[in-house]
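Examination of the molecular architecture
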Amino acid sequence: MIKIALCDDETVYLESTEKLLRDWSRTTSTPIELDCFDHGDALLAKHRIYRYDIIFLDIVMPLFSGMDTAKELRLLDKSAKIIFLTSSPEFALSSYSVRALDYLIKPLSYDKLQEVLEECMSLLYKEPDSLTLKTPGGYQRIFLHDIEYLEAQNKRVLFYLSNSECLEVLQPLHTFETELPDTKGFFKCHRSYLVNLKNVQHFSSVELSTKSGRQIPIARGYGKPFQDRYFALLFHDQ
């Protein structure tokens, strides 16, 4: 069962998109649970307890915009597939900041909706990349998207995760550099730090902040390469 949320303050578009989604469910024999909302606050409240797989979200809504809603959603959930609905392509660039899967121009066509839903389905059933660590307490499997950064301390490495957990591994940092390459979104910004670019919230030429608020130094001369790699990954993932 695929859990889908649809949020649009314009009744005509809310109803027409709902019909297309139910047509797709029936045509493809894909069972769905579909909830419709006309403002972002209600969607956020339901998502906190229900966790939708796919979220269709109108960008332009009064008071609490679709972009503001998406930012709040990303604080709650990094894996939900967000598809923006918009009447104008001018908002496309903004969608990168919240890792939206796509944006669709209203009114929607069935073919375009089907295309984006097929992509969502392939991603939902794809096993996330993971890593198995040998910690003092035993072996532990973690998903790469949960890693904020690695910190080298003498002959051990500390894995800082997005849930505030910290795992200790008795191996040098360089042993993980081949398992966590830049192609998977990691960047060595300092001799003691390997950071997951997808979990970076802010950065300057000398320091970055992760989404949980942790501060990490960027070594001298690495500011520009870090920026280039960050934006290259950001645009490639969209």
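To start, this report covers the structure provided alongside it. In this text, all values refer to a predicted model and were calculated from it rather than measured experimentally.

Bringing the overall build of the chain into the picture now. Along the chain, the regular secondary structure elements total 6 helices and 15 strands. Each principal axis of the C-alpha distribution contributes one length, and for the chain these read about 60 × 35 × 30 Å. Looking at the chain as a whole, 43% of its 238 residues are labelled buried. The long-range share in the chain, meaning contacts at least 24 apart out of those at least 6 apart in sequence, stands at 52%. Of the roughly 12500 Å² that the chain leaves accessible, carbon and sulfur atoms contribute 51%. Taken as two groups, the 28 positive and 34 negative side-chain charges of the chain have centres that lie 8 Å from each other.

Now for the sheet that holds strand S1 (residues 2–7). As summarised here, the arrangement of the 5 strands in space is S2-S1-S3-S4-S5, forming an open sheet in which the pairing is parallel. Each having just a single partner strand, strand S2 (32–37) and strand S5 (102–105) make up the two edges of the open sheet. Taking each pair of neighbouring strands and ignoring which way they run, the sheet shows an average axis angle of 20°. In this structure, strand S3 (residues 54–58) lies alongside strand S4 (residues 81–86), joined through 5 bridges in parallel fashion. Across the sheet, Ile54 pairs through a bridge with Lys81, a residue of S4.

To continue, consider the sheet that holds strand S14 (residues 207–210). Here we have 3 strands laid out as an open sheet, ordered S13-S14-S15, and antiparallel in their pairing. Where the open sheet ends on each side, the last strands, each with one partner, are strand S13 (200–203) and strand S15 (215–217). Averaged over all pairs of adjacent strands, the angle between strand axes in this sheet comes to 30°, irrespective of strand direction. Of the pairings in the sheet, the one linking S13 to S14 comprises 3 bridges and is antiparallel in character. In the strand pairing of S14, His202 is matched with Ser209.

Another aspect to go through is the packing of helix H2 (residues 40–50) against helix H3 (residues 66–76). Axis separation between H2 and H3 bottoms out at 10 Å; the angle between their running directions is 10°. With respect to their mutual orientation, H2 and H3 come out roughly parallel. Every residue of H3 that contacts H2 at Gly40, Leu43, Leu44, His47 and Arg48 is listed here: Thr69, Glu72, Leu73 and Leu76. A breakdown of the residues in the contact of H2 with H3 according to their chemical character gives 4 nonpolar, 3 polar and 2 charged.

The next subject is the nonpolar core. Note that soluble globular proteins tend to have their nonpolar side chains buried in a common cluster. With 21 residues, the main nonpolar core has Phe56 and Leu113 as its most contacted residues. If you list the elements that add at least two residues to this core, you get S1, helix H1 (11–28), S2, S3, S4 and helix H4 (110–124). In terms of residue count, H4 provides more of this core than any other element does, 5 residues in total. Discounting residues that sit within four places of it in the chain, Leu113 has contacts with Leu20, Leu21, Phe56, Leu104 and Leu108.

Criteria and cut-off values
- Residues numbered from 1 in each chain as written.
- Predicted model: local features only at pLDDT ≥ 70, side-chain atom pairs only at ≥ 80, totals over all residues.
- Heavy atoms only, no water.
- Helix = DSSP H or I, 4+ residues; strand = E, 2+ residues; numbered from the N terminus.
- Buried < 20%, exposed > 50% of the residue type's maximum accessible area, 1.4 Å probe, protein only.
- Contact = heavy atoms within 4.5 Å.
- Areas by Shrake-Rupley, 256 points an atom, 1.4 Å probe, with all protein chains shown as cover.
- Lys, Arg positive; Asp, Glu negative; His and termini not counted.
- Charge placed at Lys NZ, Arg CZ, Asp CG, Glu CD.
- Pairing = 2+ DSSP bridges.
- Axes fitted to C-alpha atoms, helices over the stretch in contact; angles between N-to-C directions.
- Parallel < 35°, antiparallel > 145°, perpendicular 65-115°, else oblique.
- Nonpolar A, V, L, I, M, F, W, Y, C, P; charged D, E, K, R; others polar.
- Core = buried A, V, L, I, M, F, W, Y, C linked by side-chain atoms within 4.5 Å.

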